[in-house]
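# What the coordinates show
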Amino acid sequence: ITPNTILLLASAPQYCHGIVDPIEQIGEIAAEFGLPLHVDACFGGFMLPWVEKLGYELPQFDFRVNAVTSMSADIHKYGFGLKGSSVVLYRSNDIRKYQIFAYSEWPGGLFGSPGLAGTRPGGNIASSWAALMSMGEDGYMHIAKQLMDATNKLKSSIREIKGLCIVGNEDHMPCFAIASKDQDLDILALADVMESQGWKMERQQLPDSIHCTILPHHVPHMDKFLGSLRQAADTVRVMRQQS
């Protein structure tokens, strides 16, 4: 933190590994320095509340942390709305007013805009409303349980595959990263083998890993995925020994 620091930012969760940042502790720092704290819950904003209601132990990530001044959450992710739909929330109207731009010297009169985009499509707003109304709390809870059950099964099974591990031990989201703890098992080579079998893999770095975000259409294919993963791990290990 320097004199040029204008705010602090935390993720709930960060996308790569599905782990919620220590927002309460970051909030203590924000309060100490008198800085606003924004929580990027774009990924988890429409999943974490349901996961918490299911009984999973989560760190506080929202306005229950007094220092949090704003949050963002994407409806187009686990809100199941159209791509490009998101919301930003403020603790108070006093903070929100700084988002609004107004210019009184325009020849056309007073120009005002609540965001960077002067014109926004109404379709995304309408579709977001429709998604929220049609899903309802019961619908979101049902999907959250389904996806967390699937995630737990996947993570448990992956940990049993020789040489593979999950980055972190947290159960915050239906999302995780697969890494290798065996020098003879290159995780990126494993991703290549998986893609040769028809799976689309998302590679990550720092550390090298494979990202998995679990969605409803993945659930029926879990056993097939795990079988391919076991086979790919054996293939990579044999390739390594032959090189």
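The structure displayed is predicted, hence computed values, not measured ones. (Residues numbered from 1 in each chain as written. Predicted model: local features only at pLDDT ≥ 70, side-chain atom pairs only at ≥ 80, totals over all residues. Heavy atoms only, no water.)

### Section: the overall build of the protein
- Summing up its helical and strand segments, the protein has 6 helices and 10 strands in all.
- For the protein, with 243 residues in total, the buried portion stands at 40%.
- Taking the intrachain contacts of the protein between residues at least 6 apart in sequence as the baseline, contacts between residues at least 24 apart amount to 63%.
- With 20 positive and 26 negative side-chain charges, the protein shows a spacing of 5 Å between the two charge centroids. (Helix = DSSP H or I, 4+ residues; strand = E, 2+ residues; numbered from the N terminus. Buried < 20%, exposed > 50% of the residue type's maximum accessible area, 1.4 Å probe, protein only. Contact = heavy atoms within 4.5 Å. Lys, Arg positive; Asp, Glu negative; His and termini not counted. Charge placed at Lys NZ, Arg CZ, Asp CG, Glu CD.)

### Side note on the sheet that holds strand β7 (residues 164-166)
- Taken in spatial order, the 4 strands line up as β7-β8-β10-β9 in an open sheet, and their pairing is antiparallel. Edge positions in the sheet fall to β7 and β9 (202-204), since each of these pairs with one other strand and no more. On average, each strand axis in the sheet is inclined to that of its neighbour by 35°, with strand direction left out of account.
- Sheet topology note: the β9/strand β10 (residues 209-213) ladder contains 3 bridges and is antiparallel. Across the sheet, residue E202 finds its bridge partner in β10, namely H211. (Pairing = 2+ DSSP bridges. Axes fitted to C-alpha atoms, helices over the stretch in contact; angles between N-to-C directions.)

### Digging into the nonpolar core
- I23, L37, I158, L164, I178, L190 and L229 are the most contacted members of the largest nonpolar core, which has 59 residues in total.
- Sort the elements by how many residues they give to this core and helix α4 (residues 122-159) lands first, with 9 residues.
- Setting aside residues up to four positions removed in sequence, L37 forms contacts with L8, L9, A10, I23, I26, G27, A30, A67, V68, T69 and S70. (Core = buried A, V, L, I, M, F, W, Y, C linked by side-chain atoms within 4.5 Å.)

### So, the side chain of H211
- Looking at the element boundaries, H211 is found in strand β10.
- Classification of H211 by relative accessible area gives buried; the value is 5%.
- Polar side-chain contacts of H211 include one of 2.5 Å to the side chain of T213.
- Other than its neighbours up to four places away in sequence, H211 contacts Y15, C16, C175, F176, A177, E202 and Q204. (Polar contact = N/O pair within 3.5 Å; in protein donor to acceptor, adjacent residues only side chain to side chain.)

### A short note on the packing of aromatic side chains
- Evaluated as defined, the whole model comprises 7 aromatic pairs.
- Ring geometry for W50 against Y140: centres 5.6 Å apart, planes inclined by 0°, an arrangement best described as stacked. Residue W50 is located in helix α2 (residues 48-53), and its partner Y140 is located in helix α4; the two are separated by 90 residues in the primary sequence. For the pair W50 and Y140, a shared accessibility class is recorded, and that class is buried.
- Pairwise contacts between aromatic rings join Y15, F43, Y78 and F80 into one cluster. (Phe/Tyr/Trp six-rings, centres within 6.5 Å; stacked < 30°, edge-to-face > 60°.)

### Some details on the packing of helix α5 (residues 187-196) against helix α6 (residues 222-242)
- Where α5 contacts α6, the axes come no closer than 9 Å and their chain directions differ by 125°. Classified by the interaxial angle, the pair formed by α5 and α6 is oblique. For the element pair α5 and α6, the recorded crossing hand is right-handed. Contacts between α5 and α6 involve A189, L190, V193 and M194 on the former and, on the latter, F225, S228, L229, A232, A233, T235 and V236. (Parallel < 35°, antiparallel > 145°, perpendicular 65-115°, else oblique. Left-handed = near helix turned anticlockwise from the far one by under 90°.)

### A closer look at the sheet that holds strand β4 (residues 86-90)
- Taken together, the 4 strands give an open sheet; going across it, the order is β1-β2-β3-β4, and neighbouring strands pair in mixed fashion. What marks the edges here is a single partner per strand, and that holds for β1 (8-11) and β4. Between one strand and the next, the sheet's axes are offset by a mean angle of 20°, whatever the strand orientation.
- Strand direction decides the pairing type here: β1 and strand β2 (residues 37-40), joined by 4 bridges, are parallel. Looking at β2, one finds that L8 is bridged to L37.
- Here helix α1 (residues 23-33) sits on the sheet and contacts β1, β2 and β3 (68-74); the angle it forms with β1, its principal contact strand, is near 175°.

### Description of the confidence of the model for the protein
- On average, residues of the protein score 94 in pLDDT, and 100% of them reach the 70 mark or higher.
- For the protein, the element scoring lowest by mean pLDDT is strand β6 (residues 111-113), at 89; β2 scores highest, at 98. (pLDDT = per-residue confidence, 0-100.)

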